[in-house]
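Each chain, written out:
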Amino acid sequence: MASTKDAREATMVGRRTDGTPVRRPLSPHLQVYDMMQITSGLSIANRATGIAWTVGLLFLVWWLVAAAAGPRAFATAQWFFSSFLGILILFGMTAVAWFHTLGGVRHLMWDAGYGYDLPTTYRTGRAVLIGTAVLTVLTWFIVIIAWG
């Protein structure tokens, strides 16, 4: 009886319906994805925006702690967020928020069993991209008007 070096090895061995053995990957990885497909690109982008969203929350925490720490700390945070780099980060976080939200709605549709056919998958993928661009620009248009 052969022993495996790693318990995960047993889960990587399977058989096709015709009985031929096949090795399964542990999970899909970048080698599996075709970057020219909208579905693969959006899947990876959704994960990346989740990470970016988490990093953006650190900026929110900094801003809130600065507000609680007093006028001097808050002024420093406000200075940063009104600088070119700060506005660029805020703009990027707006795009990340809209992309991740719209991608989440798309996934909720899939969870409900809708939109699995390929034409709908491509259509909703394009809708997420266009919606992200439009809603990001609209959000900043409103912000600029409110600041003015």
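Just so it is clear, the structure is predicted and the values come from calculations on it, not from any experiment.

(A) Focus on the UniProt feature "transmembrane region" (unreviewed entry) in the protein. The positions that UniProt labels "transmembrane region" (unreviewed entry) are, in the present scheme, residues 44-65, 77-99 and 127-147. End C-alpha to end C-alpha, residues 77-99 measures 26 Å, and it is 96% helix and 0% strand.

(B) Quick peek at the UniProt feature "binding site: heme" (unreviewed entry) in the protein. Taking the numbering used here, the UniProt-annotated feature "binding site: heme" (unreviewed entry) corresponds to His100. In this structure, His100 sits in helix H3 (residues 84-111). Beyond its immediate stretch of four places on either side in the chain, His100 contacts Asn46, Thr49, Gly50 and Trp53.

(C) Spatial organisation of the packing of aromatic side chains. Here the structure, examined in full by the defined rule, presents nine aromatic pairs. Arranged with centres 6.1 Å apart and planes meeting at 5 degrees, the rings of Phe59 and Phe80 form a pair that is stacked. Of this pair, Phe59 sits in helix H1 (residues 38-69) while Phe80 sits in helix H2 (residues 71-82), placing them 21 residues apart in sequence. Centre to centre, the rings of Trp110 and Tyr116 are 6.4 Å apart; their planes meet at 20 degrees, and the pair counts as stacked.

(D) Molecular detail of the side chain of Thr94. Within the secondary structure, Thr94 sits in helix H3. Residue Thr94 is classed as buried on the basis of its relative accessible area, which comes to 15%. Residue contacts for Thr94: discarding those within four places in its chain leaves Thr136, Thr139 and Trp140.

(E) Molecular detail of the confidence of the model for the protein. Within the protein, residue pLDDT values average 87, and 84% of them lie at 70 or more. When the elements of the protein are averaged for pLDDT, strand E1 (residues 13-15) gives the smallest value, 75, and H2 the largest, 96.

Rules used throughout
Per chain, the residues get numbers from 1 upward, laid out in the order the sequence is written. For a predicted model such as this one, the threshold for reporting local features is a pLDDT of at least 70, and the threshold for listing and counting side-chain atom pairs is 80 or more; totals across whole chains, interfaces and linings nevertheless cover every residue. Hydrogens and water molecules were not included; the side-chain quantities draw on all heavy atoms of the structure. UniProt positions are given in the numbering used here, feature names are shortened, and annotations may be inferred rather than shown by experiment. Where helices and strands are cited, they refer to DSSP runs of H or I of at least four residues and of E of at least two residues respectively, numbered from the N terminus. Residues are treated as being in contact if the distance between any of their heavy atoms lies within 4.5 Å. Paired rings are identified among Phe, Tyr and Trp, the last through its six-membered ring, by centres lying within 6.5 Å, and are further divided according to the angle between planes into stacked (under 30 degrees), edge-to-face (over 60) and tilted (the rest). Only protein chains enter the calculation, and the probe is 1.4 Å; a residue is then buried if its accessible area is under 20% of its type maximum, exposed if over 50%, and partly exposed in between. Confidence scores labelled pLDDT are given residue by residue by the predictor and lie between 0 and 100.

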